[in-house]
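# Notes for the structure review
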Amino acid sequence: MADQIPLYPVRSAAAVAAANRKRAAYFSAAGPGPGPDRPSRYQLEDESAHLDEMPLMMSEEGFENDESDYHTLPRARITRRKRGLEWFVCGGWKFLCTSCCDWLINICQRKRELKARTVWLGCPEKCEEKHPRNSIKNQKYNIFTFIPGVLYEQFKFFLNLYFLIVSCSQFVPALKIGYLYTYWAPLGFVLAVTIMREAVDEFRRFQRDKEVNSQLYSKLTVRGKVQVKSSDIQVGDLIIVEKNQRIPSDMVFLRTSEKAGSCFIRTDQLDGETDWKLKVAVSCTQRLPALGDLFSINAYVYAQKPQLDIHSFEGTFTREDSDPPVHESLSIENTLWASTVVASGTVIGVVIYTGKETRSVMNTSNPKNKVGLLDLELNQLTKALFLALVALSVVMVTLQGFAGPWYRSLFRFLLLFSYIIPISLRVNLDMGKAAYGWMIMKDEHIPGTVVRTSTIPEELGRLVYLLTDKTGTLTQNEMVFKRLHLGTVSYGTDTMDEIQNHLVNAYAQTQCQAGGSSTISTPPRKAASSAPKVRRSVSSRVHEAVKAVALCHNVTPVYEAHGAAGETEVAEADQDFSDDNRTYQASSPDEVALVQWTESVGLTLVSRDLTSMQLRTPSGQILTFCILQTFPFTSESKRMGVIVRDESTAEITFYMKGADVAMASIVQYNDWLEEECGNMAREGLRTLVVAKRALTEEQYQDFESRYNQAKLSLHDRTLKVAAVVESLEREMELLCLTGVEDQLQADVRPTLEMLRNAGIKIWMLTGDKLETATCIAKSSHLVSRTQDTHVFRPVTSRGEAHLELNAFRRKHDCALVIPGDALEVCLKYYEHEFVELACQCPAVVCCRCSPTQKAHIVKLLQQHTGRRTCAIGDGGNDVSMIQAADCGIGIEGKEGRQASLAADFSITRFKHVGRLLMVHGRSSYKRSAALGQFVMHRGLIISTMQAVFSSVFYFASVPLYQGFLMVGYATVYTMFPVFSLVLDQDVKPEMAMLYPELYKDLTKGRSLSFKTFLVWVLISIYQGGILMFGALVLFESEFVHVVAISFTALVLTELLMVALTVRTWHWLMVVAQLLSLGCYVASLAFLNEYFDVAFITTVTFVWKVSAITVVSCLPLYVLKYLKRKLSPPSYSKLSS
């Protein structure tokens, strides 16, 4: 029956047939038909039955368009809403202006095309092209653009531009209202503070750049070594870099002082990883007898064009003057990128990229200037106030009857009422932001917290989405070995001593055999290997597995030299691999955990260089293995391998370890691997599959020749190399499965629970594999135990994505787990629909995400939901996500400080996020909202008084208060009490932490909305009217008395209103009130031109002022009391 109900407008039979034909063609083109590798749910026969399951928001038009424009459909559907004039008014003009500016900038700054290059050793003059200078420039402005640039940043805000126009109008005699300083002093103060702050920042940036650019390096020339500045280094120079010195530009590594021909570098400033990386010198130049010989050879480096990717490089080294010419392939391990630091020995390299073309500069994006939501809301309110100001002025001129030059009167009224929009708003808010930043950094409950962007503390109180990294953020990035599985037997932390015993037995047996057969050479061993396989004992299997784990890695043991530089030889001889002195270095903490575990069970890695590795057995015997080849881990292959030759037996073995998805097809058939991997992943362990394959000498020689040939090819090198390596990866013997645990950070579970209760949706974006990400999400309670999780299947085409989204849409209250590649497909075809569905989930986990994907997800959430996002991470790979979010939080972690330096707020522990948001974010927002509205109230009340005054005196455009009274009112008399609102709090910090539900109210923005603003406008009109009419009713013989009575009552009203607004008193607030009152009373003696001192000291003055003040404030106190009794706010229920 369901098939017969049309979901869409009925079309002609011909149209339906055509659509079906296209759909069939599309599905047949999309990939293989339903078979063992393709689920039957994508069958075409079921297509009509599945039509009713399609989301109604996804129309069939999708299937009627050609494949070529599929990706434009969802966007087209969104943007089709506004047309013509409506579009232009609703932001179209902004879009047009931006497009024109971008076009002009592109014309002015045409980018040079990046090209591959040939670099001759030590001959910069042979370079065919001009390359950029090797100088670093982080400055925003130069000497000419500084003032215009800073002024533009200030006056692009409506508020500041308005004040500039008003202040400039005072130079026109006909429009002059009061003294010039009443307008220019506040504006000048705001601009002076801003310009000073920018100048100091700019000068600091200039100094940092200068320091880096003028660092001296040794350059090798035909005449010997010369010192050059970093900024004078050119492509083709031979540069010598000492230990602990920064590498000034991208270079190819030619020579090192280390005997092994390799060195370690620290890359934490480039990729955020704290582990040292091993780099290898070009063997042709490393073999030269002396340094000077680099000039006696005729050689060049061919390097690919500059690229963003810091993890790959393709090039060749060619020496032409030898016979035959020497060709060596260059890869990432032969490079030294700029901004890394040499950790061992002295290196010599040839410069291949400089300045803007270095990897580090190409990977730094200019961070956007972040503006808080509160600032944008206040900007909207000032526009509303401006409209009110214009309306009021027009009404005044109309009531005047457009007499005389009415336009001049209109402009004078605009200036008279200009206090409706107070200039002190920006000053107060900026000072408030600085105060919140200081409070955050001084909070002893979150030590080590740093506020790097002082302009957005209120954003912490408005967050709806929190996007977090996994490794190092939710987890400690400290790996502990937990499990070894051999298929039939599994060893956990409590049974490691059994492994130790098996190892001792295995090595004791091999020593006995070696002792017994020492007279016979290898031939019998070969005969034994060709004999039929016998089921091996557990001891030998454990021994094989542990040996494989101890050999298959890129870990290097490092020994701290005790002697001084001159005694290194002696020190090396003395230290002799002492265990206390050894630390392990590797590019992954998993690797170190594995090697530390093999050490704990008795098989210790004692030394490693480029060509050999030495292990120490439980009995103290040293085994030496010659490293023939290493295949490093890449995110595409998900595995790494090594080919070694045992020096004692001359056996060649290929060991490999990697992720289960990559290894399952490589190892021999077995029935336990998949199941056990699943079990370990559910326990929260990171799994690695270890396998081996024995090679004969002939097999290895054949492989080596093909491998070297592939490495020299200039086109599709990676593909060719991978194809050669894959020829070895067949029918490998499965040895074991290892499980390593990444421990959760302290208090992650209660913190995530608190954030969830506060109404914040948490998304976890990680580069890790799906299983690990899912189990960490469960163990950290990001996904609660009872909650269902929907794992999004891998999809490759539009049809599959459509059906998978339908399957997901039918599930309710279920967490989503989606891999990066499936996410890419969904966003390509169904961006709007996918984000809509994902936003309804209680939690989302995106695994296998690249850094750019993380940033893309943040931007999508901002565009589609319009809500505030926060990104939190700890590594260099999280920087782009942190910079894209409305509020970025960096954690100083194991992966270096790159994320914390790029973030707006830097913390030391994930658990500090709770207090940062619940206490500081909440109070910053509520305080700024109160402060902003109060400052506006202060301007509105005086403008109301001016309006009443002008109305009574025949609509004359004459100012009520002149000169210092206006300046004093906005500063000395009321500034301190109003600003003391930044110390106000509705509940104690402990309560805010205990009841995170209080945070939920803030996301609705109720503390500062048009409704609350309207309430303040009504209060201002009521009070302004009472003050002015009161003063006029109690009018004495002279006009001077009206000013005295009304102004004194105004100041007292403001002080009482602050007291009314305060929710929790602080001793500084009391001081501010008394100080302001004291200042006013003291100044009365000096303001003879405004006040009649004789009148002020009379009892009449005192009772009239008191009466007006009571009438203006008492009703508000009564209303506030009734509101708290009848409809108390949520926080008052807790604080009572």
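All figures in this text were calculated on a predicted structure; none of them were measured in a lab. (Residues numbered from 1 in each chain as written. Predicted model: local features only at pLDDT ≥ 70, side-chain atom pairs only at ≥ 80, totals over all residues. Heavy atoms only, no water.)

When its secondary structure is counted, the protein shows 41 helices and 33 strands. Across the 1136 residues of the protein, 50% fall into the buried class. Contacts spanning at least 24 positions in sequence make up 74% of the contacts within the protein whose residues lie at least 6 apart. Accessible surface, the protein: about 53700 Å² in total, of which carbon and sulfur atoms supply 59%. (Helix = DSSP H or I, 4+ residues; strand = E, 2+ residues; numbered from the N terminus. Buried < 20%, exposed > 50% of the residue type's maximum accessible area, 1.4 Å probe, protein only. Contact = heavy atoms within 4.5 Å. Areas by Shrake-Rupley, 256 points an atom, 1.4 Å probe, with all protein chains shown as cover.)

As summarised here, the arrangement of the 9 strands in space is β14-β33-β32-β31-β15-β27-β30-β29-β28, forming an open sheet in which the pairing is mixed. Looking at strand neighbours, the two that pair on one side only are β14 (450–451) and β28 (788–791), the edges of this open sheet. Alignment of strand β32 (residues 887–891) against strand β33 (residues 905–907), held across 3 bridges, turns out to be parallel. Bridge assignment links I889 to a residue of β33, and that residue is F905. Strand contacts of helix α31 (residues 912–952): β15 (463–468), β31 (868–873), β32 and β33, with the helix running at about 140° to β33, the strand carrying the most contacts. (Pairing = 2+ DSSP bridges. Axes fitted to C-alpha atoms, helices over the stretch in contact; angles between N-to-C directions.)

This next bit is on empty space enclosed by the protein. Applying the stated criterion across every chain yields a total of 6 cavities of 30 Å³ or more. The space that makes up the largest cavity amounts to roughly 150 Å³. Lining the largest cavity are 15 residues, and of these L416, Y419, P959, Y961 and M966 lie nearest its centre. Contributions of two or more residues to the lining of the largest cavity are made by α8 (181–213) and α31. (1 Å grid on protein atoms, 1.4 Å probe; cavity = no way out; pocket = protein on both sides within 12 Å on 5 of 7 lines; lining within 4 Å. Points joined across faces, edges and corners; volume = space filled by probe spheres on them.)

Further remarks concern the nonpolar core. If you look at soluble globular proteins, the nonpolar side chains tend to sit buried side by side. In terms of nonpolar packing, the biggest core is built from 91 residues, with I889, F905, L916 and L917 touching the most fellow members. Discounting residues that sit within four places of it in the chain, L916 has contacts with I440, I446, T449, L460, I889, F905, I907 and G921. (Core = buried A, V, L, I, M, F, W, Y, C linked by side-chain atoms within 4.5 Å.)

Let us now look at the packing of helix α26 (residues 798–809) against helix α27 (residues 820–839). α27 packs onto α26 with a crossing angle of 10° between their chain directions and a minimal axis gap of 10 Å. In terms of axis orientation, α26 runs roughly parallel to α27. Contacts between α26 and α27 pair R798, A801, H802, L805, F808 and R809 from the former with V825, C826, Y829, Y830, F834, L837 and A838 from the latter. For the contact of α26 with α27, the residue count by class is 10 nonpolar, 1 polar and 2 charged. (Parallel < 35°, antiparallel > 145°, perpendicular 65-115°, else oblique. Nonpolar A, V, L, I, M, F, W, Y, C, P; charged D, E, K, R; others polar.)

The tally for this structure, following the rule as stated, stands at 30 salt bridges. Between K854 and D878 there is a salt bridge, with its nearest N and O atoms 2.8 Å apart. Of the two residues, K854 sits in helix α28 (residues 851–865) while D878 sits in the loop between β31 and α29 (879–884), which places them 24 residues apart along the sequence. Connected via shared salt-bridge partners are D375, K433 and E458. (Salt bridge = Lys/Arg side-chain N within 4 Å of Asp/Glu carboxyl O.)

Mapped onto the fold, N501 is located in helix α15 (residues 496–516). By relative accessible area, which is 46% here, N501 ends up partly exposed. Along the sequence, N501 and S539 sit 38 residues apart, while their C-alpha atoms lie 8.5 Å from each other.

The residue S906 is located in strand β33 in this model. On the basis of relative accessible area, S906 is assigned to the buried category, the value being 0%. Beyond its immediate sequence surroundings of up to four residues, S906 is in contact with G448, T449, V450, R452, G890, E892 and S900.

Another point: the pairing of strand β22 (residues 622–631). Among the 10 residues that make up β22, 7 are buried, leaving the element largely enclosed by the rest of the structure. Pairing geometry for strand β21 (residues 612–616) and β22, over 5 bridges, is antiparallel. By the bridge assignment for β22, L615 is matched with L623. The hairpin formed by β21 and β22 contains 5 residues between the paired strands, and G620 there has a positive phi angle of roughly 95°.

When you line up the elements, N160 lands in helix α7 (residues 158–169). The buried category is assigned to N160, whose relative accessible area is 5%. Here N160 is in contact with Q154, F155 and R426, once residues within four sequence places are set aside.

As a further point, take the sheet that holds strand β10 (residues 326–330). What the 4 strands build is an open sheet, ordered β1-β8-β9-β10; its pairing is antiparallel. Each end of this open sheet is capped by a strand with a single partner; those strands are β1 (117–120) and β10. In this sheet, neighbouring strand axes are inclined to one another by 20° on average, regardless of whether the strands run parallel or antiparallel. By the bridge criterion, 5 bridges tie strand β8 (residues 299–303) to strand β9 (residues 315–319) in an arrangement that is antiparallel. Residue pairing across strands places V301 opposite F317, the latter belonging to β9.

Put simply, D323 and P324 share a cis peptide bond, and its omega is -5°. Along the polypeptide, P324 turns up in the loop between β9 and β10. Phi at D716 is positive, roughly 50°, even though this residue is not glycine. Its location among the elements puts D716 in the loop between α22 (697–712) and α23 (717–726). The phi angle at R848 is positive, at roughly 55°, despite the residue not being glycine.

On to helix α17 (residues 538–551). Taking 1.5 Å as the rise per residue, α17 with 14 residues should run 20 Å; its terminal C-alpha atoms sit 20 Å apart, in good agreement. Burial analysis of α17 places 12 of its 14 residues in the buried class, the great majority of the element. By the burial criterion, the buried members of α17 are S539, R541, V542, H543, E544, A545, V546, K547, A548, V549, A550 and L551. (Expected span 1.5 Å × (residues − 1).)

Looking now at helix α12 (residues 373–400). Along its 28 residues, α12 runs 41 Å from first to last C-alpha, staying within 8% of the 40 Å computed at 1.5 Å per residue. All of the buried residues in α12 are L374, D375, L378, N379, L381, T382, L385, L389, S393, M396 and V397. Looking at the buried residues of α12, the elements they touch are α7, α13 (406–416), α14 (424–442), α31 and α36 (1010–1033). Positive backbone phi, approximately 85°, marks G401, located one or two places after α12.

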